[in-house]
Amino acid sequence: MADRSWMLLENRLCSEFLDGVKSFIAAAEADMLHQNKTAMCCPCIDCRNDKRFSKSMYLHAHLVMRGFMRNYFCWNKHGEDGINEGELDRESQACNTDHIRSRGNQGDPRSDVNILGFGEDYADMADNVEDMVHDGERDDFTDGEFAKFQRLVQDSKTPLYHGSEEKVGNFTRLSSVLKLFKLKARYCWSDKSFTELLVLLREMLPADNKLPGDTYEAKQVICPLGLEVERIHACKNDCCLFRGDYADLENCPVCGTSRYKRQKDGGDGEGANRRRGAPRKVVWYLPIIPRLKRLFANEKEAKLLRWHKEGRKNDGMLRHPADGSQWRNIDMQFEWFSADVRNLRFALSTDGMNPFGDRSTSHSTWPVVMSIYNLPGWLCNKKKYIMMCILISGPKQPGNDIDVYLRPLVDDLKKLWITGVEVYDSYKREYFELHGLLLCTVTDLPGGRSLSGQSKGEKECPQCGDDTASVLLPKSGKRVFMRHRRFLPKSDAWRKMADQFDGTIEKASAPRHFSGSYVHDQVKNYKVVLGKRKRTDEKGPWKKYSILWELPYWEFLDVRHCIDVMHVEKNFCFSLIGTLMNIKGKTKDHEKGRADLHVMNLRPELVPKDTDKSLPISAINMTREEKKEFSEFFQSVKVPSGYSANISSIFNAPPPPSGRRHPAASMTSSSGSSSSGGSSSGSESSSSDEEPTSQLSQRKPRTEAKWPTDKIIVTEITKGGQPTDKKALQRLRKLAGLVGRQRISLTVEHIKDVDAVQRAKMFDTYIQPRLEFAPEMKETAIKAAWVKISKARRVFRSNLVTKFLAKGIQPFAHYQFLEEADWKVFINQKSTQEAVEKSLKGKELRSKNKHNHNLGPTGYKGAIPKWLKEDAKLEAEGKPNPWKQYPGRTQPYLRARGKLTEDGEISFNSNEIQQVSHKVLEKVSESSEGSVTGVREHDILTEALGNPEHRGRVRGVSSDSGWRSWPECEDMYRKRKKKRVVDVEMLEEMLEQRLAREREQMHQQFMALLAAHGVATIPQISPLERRSSQSSVGLHELHAQASALHLPDGDTIDGLDEPTPCILQIVRGDVRYNVARGQVFPDETVLHTAEVDRRFHAVVMVDWVDDEYCDQPLPIPNDEIPTLRDALWQRILWDRLHIICRKSELPPPPQRQISRVPSPPSQNKKEKQKEEEKEEKKKENEKEREKGQKEKEKEKDKEKEKKEQGKEKEKEEKEKGKGKEKEKGKTRKDSKKSNKSKSNEVAPVWTSANPNFKMGEPILPQDELRALGGQAYALHQYYMKCCEEKKRNSITLCVSKDEFRKGGIDYVCVNFSDLYDLYHHSGMDISLLRVHTLSLIKQSKMDKLPVGFLDPSAMSTSQLNAGGSDVFDYLVKALSHFIATKKHYVMFAYNTISKEGSSHWVLVVIVLPLKQVWYLDSLRHVKRDYTNLGKVIDQAFAKVQFHHKMKKQQLTHVTDFECHQQQANDACGFYCCHHMSSIMQQSDKKKPEEIKFTSAPLTSGDLNIVTHEVAICLTVDTLPTRGDFHCPVN
């Protein structure tokens, strides 16, 4: 076989490659003639001999543009004999750049190194050029089209000028024009300015440059094969299109109007000749089938068109049309259509627009566009994927005659449904038959009527149809739709409210849903001639038979026409605001509307009388102050640009003082842009003191509560003095409020200034006559009443400050009982420095109250009956009550701040309450260990909240009564005594003695309970002293004392000289638990480059973990291995005193052995006395146990005698069934054995290492490793070498203090198990993230980029939960450095933890120029809480601003920053690294506001780049001796 290495050349325009292609085509043509075939196989990368062509020019174009398929050195499909290596693996990806010879590619700037150095922009541009050329290719080229296509290919390879191929970026003629057109589109350059730019660039570039000279020539470069467009003439009156049978007509066959305008040939007389001019009306049709073929011709687009089936999250939630019922109904009814996921479903939209932008003209052009719903929801309506099919020119809208213009589109849709179209799928590399379906139309109401043929009038509602209930208002002249209450449930109370609605009781059911078949039967007999000059005589809900009914499936759709929500929301919002603000000309509450109420005999109180100068006040009218507050609210709203309209266009209120913007004008974009401007408000009002233009007078002030005239007698009160009767309690609250507001002067600052005599007198004067208490109740009732009076007075004074004093408003209109002199005194009181400071302290305290309840004024007492009913209902339905898990007063406390959902789960008011509930459950588990007592200062609720109980209230019980008012809580009450001098040492000694006695009693009870259940226990040993690191006692003493443990077959670690099996224990309270087993390595003195203090610790490798303790944190913390679950097959440190060694391999223990932890030895006389007392008690307890055992033995002997007597009588009966019993006995023994064996089996334990990883085996095949790059291959070779030598299982990086700005040498350990996830893109450990961050730090330093990075381990969630002080200090130090070095971006990976315990990596970017914090989450649909992290960042940034004397500005947290969205759940680390690299590469090229990402998922190539970067850091910067992160351990 001849040398065919030329097939691997990358430079496919060199003479060697082109000569080889000619020789191949000659051989292929000869074989085709020899075989008597009509076509030849194409061996390019994409076709892979699966596609055939009859002409050799197609093969030539494919091979030059794409190259040969891999390993096709033997042309066995073209006449040669033999087998290629590539034929054994047909599914491998074709790549002709893996093994490129040096010749033909020397000095090529497109090598991997140059591409990586240039950045992502070059790769994107190269991909775009290749995709464009690929999309332009077709199989049905004419000779002229093929010449154009060859020119396009040639332009993509032609350098811009001689030597440009050696420059970074490799600018070709095609890529240069593409980049320039991209700038033209972005900045809206005109064709004239673009031509001048091209002329200037041609003069600046070398003389031999190939840049086009003008805009027209540039368009010819990029668009030689434009999409097909049909320019169709139409009748001026919308009667028909001049196509098909009418293509050659000069006049309309319906109305006779001329097709063309007439132009005079010469002269002005009547007899002057006329010639044909331009057509009167034109419609442009862009066929959809060729565009669909081009979509499937692109591999990426073809894959996206399968998303609705293969990529959509199917969890029952409605996010996409594919989640709807109509989509499912189509799948069930047309199974042949849904069988192929590539069959498309479209949506059609149309609306009128003015292309000239002049609103004064009436020109209306109607584009018709289609969306593809097979795509992801975030791409369906993107500009790239919206297809404009029809453009109907104006100046008049088509209206009902739009069917005339839809004819070409409907013909193509019918073809797609009935016969289908043969299309090549580049993703699957096969031809298939494409079918399509129009799912629905999306328009506004007028557009929907034009498409559906529904008439306008009393039956206009598209939902109700014939059941539409509408009324034409005689005075307003508008049609309104009534009887909305039909849609309410039958039992709804609003159905019976006649006076509040239209004066009738609504009994009818909701209108029925009209199926497509029902509507089709109604309209199928409609015969309407379309055209503006023709009118139909048909009357009813329909006015035509829509052309869409010609689609065979249209009548089977449940929903055919959808309303565009934007139009409905905008129009409704404007009408609502105009009515609320009572804006003249825009309100719906006007004189004509009130007159219509009179005609309809509704709401007579709102009908104006002849003597009225203004309309009667209704419930929707607002006062001046309310309108001002309403406007200020809109002023505070900031929304993105284009999110909302300029609401100032409908406001008609005076401008604010001091020349500020009108409050209503702020309802625009945050950048200040608006749709219609907001400067008209100043000209429409004369001064700021005038009332907003209103047809109504100001609403009357609210009347004060009236004093009761009757009397209620109290028969029973609580211990706190409150009435038990509900009505009496409400009366007490009302009277307390009246007394606090009206009967105590406003000048009295504090309620304590009212002495006891005055309180009793006021009680007798104002409360007792209206709420009578018995003499024996009076004393406690006075206290209870004044508690409520004090509370009501505080609220009243606070309202006066916030609603009147702060706004400069007089309160006398609202509170007529106030005196003007008292008000002046009150103002002076609140203006003092002391009052201001007190107010600020109060605001701070209120801001700390994050646990607000939703009980209302009745408090816990009113909520308890409701909770009891809820509990009874759950019990009756047999459902579990989730509130039962919260003990004591924690249950009502949490219940007052949450509710049960329909699913029976608890939903709390805020995240803070959710955290309290989690802490309560944790404290419940700890309460059994004695860490939490029942006293209020140290009970479960107080510990969970983290702050002490307030005096005078009981959290979870009452907000205004102390502990003594609740008998059931008296045992929790601890009286607070005044401070006095006490003997602290004596108290400590007494407390120690008491705790020792209680601990001993609990231990004896616990050990007895374990013994009763058959759990093996280890007897208590003599005390063992725990030594510190500075103790003078040697290790031999510790081991001598540890021998007292009497462990079965145990050995001390000091006596070992080789790895030995062992049991690992942890300590809880006074009990040891066997949690894991493994091997101890007594001779190892270094673990992960850190020295091991062998006096106290030992190195162990865990090989089995008890399921119950998988999530147990390690006793000796480890950043890389936080729990025992993660420690499986890892080497960790363990306390020597908690390791039980055996020389033989240990089987898993059949039952958990528990041993008590020895207490410290006595060092003084008191401790010795305690020990002696304990021993005496033990002896007494042992004697009692012996007595009890003897008595039990006697009773057992008596029972045995009775049983023996009974057995003798039954011997004869048993002998008959001996055979059967023997068989049963065997089966029982076998079952017992199997049970025992099952109990001894080790349950599988989840670990952090990938279960598919096997130490010593290759991670990937050789060909896949080479495809990842040389450094990834070298790293894998190092891993295999270490496994063979059995020396190492990890790689360690030594990080200097300057890398992560942490101030000290740090180490990063990468286990070989992490490499498996790195190569398979299945996950990313924190060690790999730190390595990738280090590689970016080095690259940013070399390129001097304005980017800084933080250590992800220092910004972890665990650090934040530990208090956040370390994170705060680290952030302050790092941010100070980055601001001083003028960095623009500070990035770090942050690991969020969900409620279920799953973790997810998110990239956090602090953008210093914009004062923003971006959160790039690859799973944005999952809600995450960044509150704690955001607070720490804000505090650190504020401190840095203060130190650097910067202008104080707050950071804006953007939690929904658009970024790439992952499909797999375990690739978040790779997405985080990719986003980090992309931002770094764009940091010096783009402004921060220009950095954007798409939501498309990353490709495998993007993930391979991350793997490549990590591999470079490990192989180049770590393993070599001169590497920046080299560690001698490696």
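Residues numbered from 1 in each chain as written. Predicted model: local features only at pLDDT ≥ 70, side-chain atom pairs only at ≥ 80, totals over all residues. Heavy atoms only, no water.

Time to look at the overall build of the chain. Looking only at helices and strands, the chain features 42 helices and 35 strands. Counting every position in the chain, which comprises 1530 residues, the buried fraction comes to 41%. For the chain, contacts bridging at least 24 residues in sequence account for 63% of all contacts bridging at least 6. When the accessible surface of the chain is totalled, it reaches about 87900 Å², and 51% of it is carbon and sulfur. (Helix = DSSP H or I, 4+ residues; strand = E, 2+ residues; numbered from the N terminus. Buried < 20%, exposed > 50% of the residue type's maximum accessible area, 1.4 Å probe, protein only. Contact = heavy atoms within 4.5 Å. Areas by Shrake-Rupley, 256 points an atom, 1.4 Å probe, with all protein chains shown as cover.)

Counted under the stated rule, the structure contains 35 aromatic pairs. Ring geometry for F337 versus W417: centroids 5.3 Å apart, planes at 40°, classification tilted. Of this pair, F337 sits in helix α13 (residues 335-338) while W417 sits in helix α14 (residues 402-418), placing them 80 residues apart in sequence. Here F337 falls in the buried class, since its relative accessible area comes to 0%. Classification of W417 by relative accessible area gives buried; the value is 8%. Arranged with centres 5.9 Å apart and planes meeting at 50°, the rings of W494 and F501 form a pair that is tilted. Judged by relative accessible area, which is 47%, W494 ranks as partly exposed. (Phe/Tyr/Trp six-rings, centres within 6.5 Å; stacked < 30°, edge-to-face > 60°.)

Now for the environment of Y72. As for its position among the elements, Y72 is in the loop between α2 (56-66) and α3 (112-118). It is 9.5 Å that separates the C-alpha atoms of Y72 and R4, two residues lying 68 residues apart in sequence. Only 2.7 Å separates the side chain of Y72 from the side chain of H78, close enough to count as a polar contact. (Polar contact = N/O pair within 3.5 Å; in protein donor to acceptor, adjacent residues only side chain to side chain.)

Moving on to the sheet that holds strand β6 (residues 281-285). Read across the sheet, seven strands follow the order β3-β6-β9-β8-β7-β12-β15 without closing on themselves; strand pairing throughout is mixed. The sheet is open, and its two borders are formed by β3 (230-234) and β15 (561-563), each paired with just one other strand. Averaged over all pairs of adjacent strands, the angle between strand axes in this sheet comes to 25°, irrespective of strand direction. As judged from the three bridges shared by β6 and strand β9 (residues 387-392), these two strands associate in the antiparallel manner. Bridging from a neighbouring strand, W284 pairs with L391 of β9. Seen against the sheet, helix α12 (residues 325-333) touches β7 (344-350) and β12 (436-443) and runs at an angle of roughly 160° to β12. (Pairing = 2+ DSSP bridges. Axes fitted to C-alpha atoms, helices over the stretch in contact; angles between N-to-C directions.)

As a packed pair, helix α9 (residues 288-297) and α14 sit with axes 10 Å apart at the nearest point and diverge in direction by 50°. Considering their axes alone, α9 and α14 lie oblique with respect to each other. Residues I288, I289 and L292 of α9 form the contact with α14, whose participating residues are L409, D412, L413, K415 and L416. Class assignment of the residues belonging to the contact of α9 with α14 gives a composition of six nonpolar, no polar and two charged. (Parallel < 35°, antiparallel > 145°, perpendicular 65-115°, else oblique. Nonpolar A, V, L, I, M, F, W, Y, C, P; charged D, E, K, R; others polar.)

Another aspect to go through is the pairing of strand β29 (residues 1290-1295). With five of six residues buried, β29 is to be regarded as a mostly interior element. Two elements, β29 and strand β30 (residues 1306-1311), share six bridges in a ladder whose sense is antiparallel. Across the sheet, I1291 pairs through a bridge with V1310, a residue of β30.

What follows concerns the sheet that holds strand β31 (residues 1347-1349). In space, the five strands of this open sheet follow the order β31-β32-β33-β34-β35, with mixed pairing throughout. Both edges of this open sheet fall to β31 and β35 (1452-1454), since each of them pairs with a single strand only. Across the sheet, the mean angle from the axis of one strand to that of its neighbour is 25°, orientation sign disregarded. By the bridge criterion, three bridges tie β31 to strand β32 (residues 1385-1393) in an arrangement that is parallel. Across the sheet, residue F1349 finds its bridge partner in β32, namely M1387. Running at roughly 150° to β31, helix α37 (residues 1326-1343) makes contact with β31, β32 and β33 (1399-1407) of the sheet.

The next thing to look at is the pattern of salt bridges. Applying the stated criterion across every chain, the model contains 36 salt bridges. Measuring nitrogen to oxygen at the nearest pair gives 3.6 Å for the salt bridge that ties D191 to K219. Taken together, the residues span a long stretch of sequence, with D191 in helix α7 (residues 191-204) and K219 in helix α8 (residues 215-222) at a distance of 28 residues. Judged by its relative accessible area of 36%, D191 is partly exposed. Its salt-bridge partner being R312, residue D323 comes within 2.4 Å of it at the nearest N-O pair. Of this pair, D323 sits in the loop between α11 (307-310) and α12 while R312 is found in the loop between α11 and α12, placing the two residues eleven residues apart along the sequence. When sorted by exposure, D323 lands in the same class as R312, which is buried. Three or more residues joined by partner-sharing salt bridges are found here, namely R243, R407, D411, K414 and E550. (Salt bridge = Lys/Arg side-chain N within 4 Å of Asp/Glu carboxyl O.)

Now for a positive patch on the surface. A grouping of K236, K261, R262, R280 and K396 is seen on the molecular surface, where their side chains present a positively charged patch. In this structure, K396 sits in the loop between β9 and α14. Of the residues examined, K396 reaches a relative accessible area of 61% and is grouped as exposed. (Patch = residues over 30% accessible without salt bridge, like charges linked within 9 Å, V, L, I, M, F, W, Y side chains within 5 Å. Lys, Arg positive; Asp, Glu negative; His and termini not counted. Charge placed at Lys NZ, Arg CZ, Asp CG, Glu CD.)

Turning our eyes to something else, we now look at the side chain of N49. Assignment of secondary structure puts N49 in the loop between β1 (40-41) and β2 (52-53). In this structure N49 touches C41, C42, P43, M69, Y72, K77 and H78, once residues within four positions along its chain are discounted.

On to a negative patch on the surface, then. Together, E749, D753, E834 and E837 make up a negatively charged patch on the protein surface. Relative to the helices and strands, E834 resides in helix α24 (residues 833-848). Overall, E834 belongs to the exposed group, its relative accessible area being 65%.

On the surface, a cluster of nonpolar side chains totalling about 220 Å² of accessible area is made up of L445, I563 and V568. Its place among the elements puts L445 in helix α15 (residues 445-452). Looking at L445, the relative accessible area reads 38%, which means it is partly exposed.

With that settled, the discussion passes to unusual backbone geometry. Geometrically, the link from G394 to P395 is a cis peptide bond, its omega value of 10° lying close to zero. The topology assignment puts P395 in the loop between β9 and α14.

Mapped onto the fold, H62 is located in helix α2. Residue H62 is classed as buried on the basis of its relative accessible area, which comes to 2%. The spatial distance from the C-alpha of H62 to the C-alpha of C47 is 8.8 Å, given a sequence separation of 15 residues.

A separate point is the confidence of the model for the chain. Atom-level detail of predicted coordinates should not be read off regions where pLDDT is low. Averaged over all residues, the pLDDT of the chain is 75; the fraction at 70 or higher stands at 74%. Looking at the elements of the chain, mean pLDDT is at its lowest for α3, recorded as 29, and at its highest for β7, recorded as 95. Across residues 973-982 the pLDDT falls below 50, and counting only partners more than four positions away or on other chains, this stretch makes twelve contacts in the model. (pLDDT = per-residue confidence, 0-100.)

Helix length check: helix α42 (residues 1500-1515) (16 residues) gives 22 Å between terminal C-alpha atoms against 22 Å at 1.5 Å per residue, within 8%. Of all the positions in α42, only L1503, V1506, T1507, H1508, E1509, V1510, A1511, C1513, L1514 and T1515 are classed as buried. (Expected span 1.5 Å × (residues − 1).)

Tallied over the full model, the rule gives zero disulfides. Cysteine C461 remains unbridged, with the sulfur of C464 as its closest cysteine sulfur at 3.7 Å. (Disulfide = S-S within 2.5 Å.)

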